[in-house]
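For reference, the chains in residue letters:
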There are 2 protein chains.
Amino acid sequence: MASGKILVAQGGGPTAVINQTLAGVVLEARRFRQVERIYGARHGVRGIIDEDFVDLTQETSHNLELVANTPSSALGSTRDKPDEKYCQEIFKVLRAHQIEHFFYIGGNDSSDTVRIVSLEAQKAGYPLRCIHIPKTIDNDLVGSDHTPGFPSAARFVAQAFAGANLDNAALPGVYVGVVMGRHAGFLTAASALGKKFPEDGPHLIYLPERDFSIEKFLIEVKAVYLRYGRCVVAVSEGIHDASGTPILSLLAKDLERDAHGNVQLSGTGALADLLCEEIKAKLGIKRVRGDTFGYLQRSFIGCVSDVDQREAREVGEKAVQFAMWGKHDGSVAIRRTGFYSVDYDLLPLDAVAGKTRTMEDEFISASGTDVTDAFRMYLRPLLGSAMPDAFRLRFSPVEKVLKRT
Amino acid sequence: MASGKILVAQGGGPTAVINQTLAGVVLEARRFRQVERIYGARHGVRGIIDEDFVDLTQETSHNLELVANTPSSALGSTRDKPDEKYCQEIFKVLRAHQIEHFFYIGGNDSSDTVRIVSLEAQKAGYPLRCIHIPKTIDNDLVGSDHTPGFPSAARFVAQAFAGANLDNAALPGVYVGVVMGRHAGFLTAASALGKKFPEDGPHLIYLPERDFSIEKFLIEVKAVYLRYGRCVVAVSEGIHDASGTPILSLLAKDLERDAHGNVQLSGTGALADLLCEEIKAKLGIKRVRGDTFGYLQRSFIGCVSDVDQREAREVGEKAVQFAMWGKHDGSVAIRRTGFYSVDYDLLPLDAVAGKTRTMEDEFISASGTDVTDAFRMYLRPLLGSAMPDAFRLRFSPVEKVLKRT
């Protein structure tokens, strides 16, 4: 390569470890003598179109390490989804800057962006090496054991439900926690890892992989409530009825859609409130509380899996190695090799882009409202070390004096 | 004292460190040879009425230490507020069990419970030593520098806003985070400690200590948005208009009230959604997201201030010492003696019970939408050690090639 210029960008929703990947790309690229300049595009592909580049070669390695430990996309992100015309604009800019390696850190939609850019480059005969580097808290990329960002978000969700369960045990009632995840229930299912004792919540877990019926939901909540005097429920924001209609849209008046045609599910507490109102009205339970975890679960500073940090760094490093020593464009994927150990592959972009992984049947209990031990084994090592643990008093009852009967 | 029996209970909303206080009481009481039995009442005063006692003398110190590090009331809690009749029931039970020391760990309402029980005991000529031990994430107890539980919740809020600000910087728009606190804005104000760089959010902080006007709110959000292209807002759930009407009640249809006559503000995302809808409709900003921190902020496992843990333990220990060596009922209070160091006092119950502290004027900026450096100095040491820190890239812009003008 003549120019020695590489470009890196971050797309889609931020994660707690996406800057580990950025640091992995930049620090690894610096080791290659043919790399002369490392550019970062601000706000994803939008920054390419706008020629909004920063020179990361001029960043200190010390500050890169500090940024690596900071959540959310340090270069900024975008929801833009390039079509063919958009990609032609991208080429114009890449060509003008003589950029020959393009690394795009992102999820589902971003992998499709990389696929299109790669195709356009081939059509135009422009020598561009395109590598998609995975990140998404949804864990919905095909071909990967899991995706960087998911473990830290899963840790947040598990810790949140561990605490919510303790709160609900102290002041009993029904608690509904709504978790991100449009099509894939992995993050909602992570709530199960907050459970320690058999009586602990979450007692019911509702995933987008299974059709949701409000009638069945009410029957199940009531049964748990009668048994334990309380009920903790984890609900995916993406739950839908048998016809595929999101439960949220039963409530929402104006459905906001993004550039990808997706209905806005996050950033509103409507689904939790709807479900709580149903429980109050139909089951006559007075103390019903709902929380929507919203943006906290993907950007909370200080709740991160060290395993996730390490792997997010490594996918960035490997992306550069695949680009420099390999012969193909592709998408970096994590492959599990032991309990617990991983290795990295470069998958063809076609195998990943635009596809959505959902939870495998073996991870969902027959009841449809819990996870299996296979899922617990799958997720536990990802959550990392030093998971906070909950303990309870071992009650020795005192004999009643007045009410002895 | 003849019986050597003491009773401890936990009331009101759980905190992350309320079990430190429980452990402090139990472990300190064990050092006194006149203490024969340490009972715990399950679910606060409700457990006394029901004679639902457990013998904490039979708990291991090892497990007590583990429970101390677990959030939420290990004995269970209650929202019951005893009137005179209720208190007569309490006496009947205490007398029957020959209990002579009563420790109640709780907030505002619980301190009033202790005051009434203490009065009833005096009227009845029953030798009962009553000590109220403070806890509340609202920090609204009169006579204390701050209350155990607040620092850990404040740490959660500061970390949450630090992350939300980074997320909002990556994908710009308006973000509204709603924080607990009916009358006192301390916890909402803690959001300011998540801010590092001058351009960081929260850019606007709305406290119940200042009247809220939707018109003024929209003007202020618009001004920040025009300046930074984004806006992060912290809002207390207790904001109200000039007439004292909660802003939430502009929206909510059925206002749920607890036994204390308080309207339910938590456990619903309605306020955040209302404010977001106003911004979308009136300012025409498309990307507007709201989160309601809800129960996460008081029970999240794994986000705790070590200073808070230490002090919560000490108020429990001091309560026992005040009871055993003192001559009066009272409420334990934290007094700041240095930067940073504290000591503990026993205040008369009348001085604390039923009173509500709100944020001092010196803590609120003249604009009414920010805190002062005095508040930052007040809060910073309480958050504890190892606060996660946010770093950003130092951008070196690359010269444009195509769009050079």
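Once a new chain begins, its residue numbering starts again from 1 and follows that chain's sequence as written. Numbering of ligands from 1 and lettering of chains from A proceed in the order in which they are written. Side-chain atom pairs in this predicted model are given and counted only at pLDDT of 80 or more, local residue features only at pLDDT of at least 70, and totals for whole chains, interfaces and linings cover all residues. With hydrogens and water excluded, all non-hydrogen atoms of the structure serve as input to the side-chain values.

Within an unreviewed UniProt entry, the label attached to chain A reads Pyrophosphate--fructose 6-phosphate 1-phosphotransferase, and the organism entered is Undibacterium parvum. UniProt positions are given in the numbering used here, feature names are shortened, and annotations may be inferred rather than shown by experiment. Database annotation for chain A, UniProt heading Subcellular location (unreviewed entry): "Cytoplasm". Quoted verbatim from the Sequence similarities (unreviewed entry) heading of the UniProt record, the comment on chain A is "Belongs to the phosphofructokinase type A (PFKA) family. PPi-dependent PFK group II subfamily. Clade 'B2' sub-subfamily."

Numbered from the N terminus, helices here are DSSP runs of H or I no shorter than four residues, and strands are runs of E no shorter than two. In terms of regular secondary structure, chain A is built from 13 helices and eleven strands. When the backbone C-alpha atoms are referred to their principal axes, chain A occupies close to 90 × 45 × 30 Å. Taken over 405 residues, chain A has a buried fraction of 64%. Contacts: residue pairs with any heavy atoms within 4.5 Å of one another. Long-range contacts, defined as pairs at least 24 residues apart, comprise 77% of the intrachain contacts of chain A with a sequence gap of at least 6. Where accessible areas are quoted, they stem from the Shrake-Rupley method and a 1.4 Å probe; at the residue level, only the protein chains shown are allowed to cover. Carbon together with sulfur atoms contributes 50% to the accessible area of chain A, which is approximately 14,900 Å² in total. By the counting rule applied here, Lys and Arg register as positive and Asp and Glu as negative, while His and the ends of each chain are not counted. To locate a charge, take atom NZ for lysine, CZ for arginine, CG for aspartate or CD for glutamate. Of the side chains in chain A, 48 bear a positive and 51 a negative charge, and the two mean positions are spaced by 5 Å. Burial classes: relative accessible area under 20% of the type maximum marks a residue as buried, over 50% as exposed, and values in between as partly exposed (1.4 Å probe, protein chains only).

Moving on: the UniProt feature "site: Important for catalytic activity and substrate specificity" (unreviewed entry) in chain A. Summarizing the sequence annotation, UniProt attributes the feature "site: Important for catalytic activity and substrate specificity" (unreviewed entry) to A:Asp109 in the numbering used throughout. Mapping A:Asp109 onto the fold places it in helix H5 (residues 108–124).

The next subject is the pairing of strand S1 (residues 5–10) of chain A. Residues and elements named next belong to chain A. For S1, a buried count of six out of six residues is recorded, marking the element as mostly surrounded by other parts of the structure. Covered by surrounding structure in S1 are Lys5, Leu7 and Ala9 together with Ile6, Val8 and Gln10, the residues of both alternating faces. The pairing criterion is simple: DSSP has to find at least two bridges between the two strands. Relative to strand S4 (residues 99–106), S1 runs parallel, the two sharing six bridges. Counterpart to glutamine 10 in the pairing with S4 is isoleucine 105. As paired elements, S1 and strand S2 (residues 37–41) share four bridges and run parallel to each other. Within S2, the residue paired with valine 8 across the bridge is glycine 40. Note that the unit made of S1, helix H1 (residues 18–29) and S2 has a crossover that is right-handed. Note on handedness: a clockwise path from strand one over the helix to strand two, with the strands aimed away from the viewer, defines a right-handed crossover.

This part takes up the environment of B:Ile6. Residue and element names in this part refer to chain B. Note that isoleucine 6 resides in strand S1 (residues 5–10). According to the relative accessible area criterion, isoleucine 6 is buried, its value standing at 0%. Other than its neighbours up to four places away in sequence, isoleucine 6 contacts Val25, Ala29, Val35, Arg37, Ile38, Tyr39, Ile99, His101, Phe103 and Met324.

This next bit is on the interface of chain A and chain B. If you look at the interface, chain A gives 93 residues, while chain B gives 92 residues. Once two parts are put together, the accessible area they lose, assessed with a 1.4 Å probe and summed over both, is termed the buried area. With both chains or domains summed, chain A and chain B bury close to 7,200 Å², and 57% of this area falls on carbon and sulfur atoms. A pair is scored as a salt bridge if a Lys or Arg side-chain nitrogen falls within 4 Å of a carboxyl oxygen belonging to Asp or Glu. Taken together, chain A and chain B are joined by four salt bridges. Here B:Arg394 and A:Glu59 are joined by a salt bridge, their closest N and O atoms 3.7 Å apart. N or O atoms within 3.5 Å of each other form a polar contact, as long as, within protein, one can give a hydrogen and the other can take it, and as long as residues adjacent in sequence are counted only when both atoms are side-chain atoms. At the boundary of chain A and chain B, one finds 40 residue pairs in polar contact (both at pLDDT 80 or more). Within the residue set of the side of chain A that touches chain B, elements represented by two or more residues are strand S3 (53–55), helix H3 (61–68), helix H4 (84–96), helix H6 (150–170), helix H9 (270–283), strand S9 (288–292) and helix H10 (296–299) of chain A. Considering every element that reaches the side of chain A that touches chain B, the biggest residue donor is H6(A), with ten residues.

Looking now at the relation of the copies chain A and chain B. In this comparison the copies share one frame, found by least squares on the C-alpha atoms of residues holding pLDDT of at least 70 in both. Superposing chain A onto chain B takes a rotation of 180° plus a shift of 0.0 Å along the axis, which leaves an RMSD of 0.0 Å. The transformation relating the two chain copies, once decomposed into turn and shift, fits a two-fold axis. For chain A, the smallest separation between a C-alpha atom and the rotation axis is recorded for A:Gly269, amounting to 2.2 Å. Counting the interface residues of chain A, we find that 99% of their copies in chain B are interface residues as well, pointing to one common contact surface.

Below, the discussion takes up unusual backbone geometry. A:Gly201 connects to A:Pro202 through a cis peptide bond whose omega is 5°. Tracing the sequence through the fold places A:Pro202 in the loop between helix H7 (186–189) and strand S7 (204–206). Cis geometry is found at the peptide bond from B:Phe339 to B:Tyr340, where omega equals 15°. Although it is not a glycine, A:Gln98 sits at a positive phi angle of roughly 55°.

This part is about the sheet that holds strand S10 (residues 330–338) of chain A. By definition, the strands of a sheet pair up through backbone hydrogen bonds, in either a parallel or an antiparallel sense. Residue and element names in this part refer to chain A. Pairing in this open sheet of seven strands is mixed, and the strands run S3-S2-S1-S4-S5-S10-S11 from one edge to the other. Because the sheet does not close on itself, it has two edges, and the strands there are S3 and strand S11 (341–347). On average, adjacent strands in this sheet sit at an angle of 30° to one another, irrespective of strand direction. Judged from the seven bridges that link them, S10 and S11 form a sheet pairing that is antiparallel. Note on S11: the bridge partner recorded for valine 332 is leucine 346. To obtain an axis, a line is fitted to C-alpha atoms, over the contacting stretch when the element is a helix, and the angle between two such axes runs from 0 to 180 degrees between their N-to-C directions. On top of the sheet, H1 reaches S1, S2, S4 and strand S5 (129–134); it is set at about 175° to S1, its chief contact. Where H5 meets the sheet, it contacts S4 and S5, and its direction lies at approximately 175° from that of S5.

Looking now at the domain arrangement of chain A. Residue and element names in this part refer to chain A. For every domain, the bounds stem from an assignment made automatically or drawn from a database. Domain assignment breaks chain A into domain 1 (5–148 + 303–352) and domain 2 (151–300 + 360–383). Between domain 1 and domain 2, the C-alpha centre-to-centre distance is 32 Å. On the side of domain 2, 22 residues touch domain 1, which itself brings 26 residues to the contact. Between domain 1 and domain 2, a total of about 2,100 Å² is buried, with carbon and sulfur atoms accounting for 59% of that surface. Across the contact surface, domain 1 and domain 2 share zero salt bridges.

All right, on to helix H4 (residues 84–96) of chain B then. All names here are of chain B. In this scheme, a helix's expected span is set at 1.5 Å multiplied by one less than its residue total. Here H4 spans 18 Å end to end across 13 residues, near enough to the 18 Å set by a 1.5 Å rise per residue. Buried within H4 we find Tyr86, Cys87, Ile90, Phe91, Val93 and Leu94. Packing partners of the buried residues in H4 comprise S1, helix H2 (44–49), strand S3 (53–55), strand S4 (99–106) and helix H5 (108–124). Note on H4: the residue one or two positions beyond its end, glutamine 98, has a positive phi of about 55°.

Residue and element names in this part refer to chain A. Contact geometry of H1 with H3 gives a least axis separation of 7 Å together with a crossing angle of 155°. Considering the angle they form, H1 stands roughly antiparallel to H3. The residues of H3 that touch H1, namely those facing Asn19, Gln20, Ala23, Val26 and Leu27, are Ser61, Leu64, Glu65, Val67 and Ala68. Roughly parallel means an angle under 35 degrees; roughly antiparallel means over 145; roughly perpendicular covers 65 to 115; every other angle is labelled oblique.

In this section: the pairing of S4(B). Residue and element names in this part refer to chain B. Burial analysis of S4 places eight of its eight residues in the buried class, which makes it a mostly covered element. When S4 meets strand S5 (residues 129–134), the two strands line up parallel, connected through six bridges. Looking at S5, one finds that phenylalanine 103 is bridged to isoleucine 131. Note on the crossover from S4 through H5 to S5: the handedness is right-handed.

A separate point is the packing of aromatic side chains. Aromatic ring pairs are defined here through the distance separating the ring centres and the angle between the ring planes. Centres within 6.5 Å are what make two rings of Phe, Tyr or Trp a pair, Trp counting through its six-membered ring; a difference in plane orientation under 30 degrees is then read as stacked, over 60 as edge-to-face, and the rest as tilted. Summed over all chains, the structure comprises 35 aromatic pairs over all chains. Ring geometry for A:Phe186 against A:Tyr378: centres 6.4 Å apart, planes inclined by 45°, an arrangement best described as tilted. Here A:Phe186, found in helix H7, pairs with A:Tyr378, found in helix H13 (residues 373–379); they are 192 residues apart in sequence, far enough to count as distant. With relative accessibility at 6%, the residue A:Tyr378 sits in the buried group. Geometrically, the ring pair formed by A:Tyr295 and B:Tyr175 is edge-to-face, given 6.2 Å between the ring centres and 85° between the ring planes.

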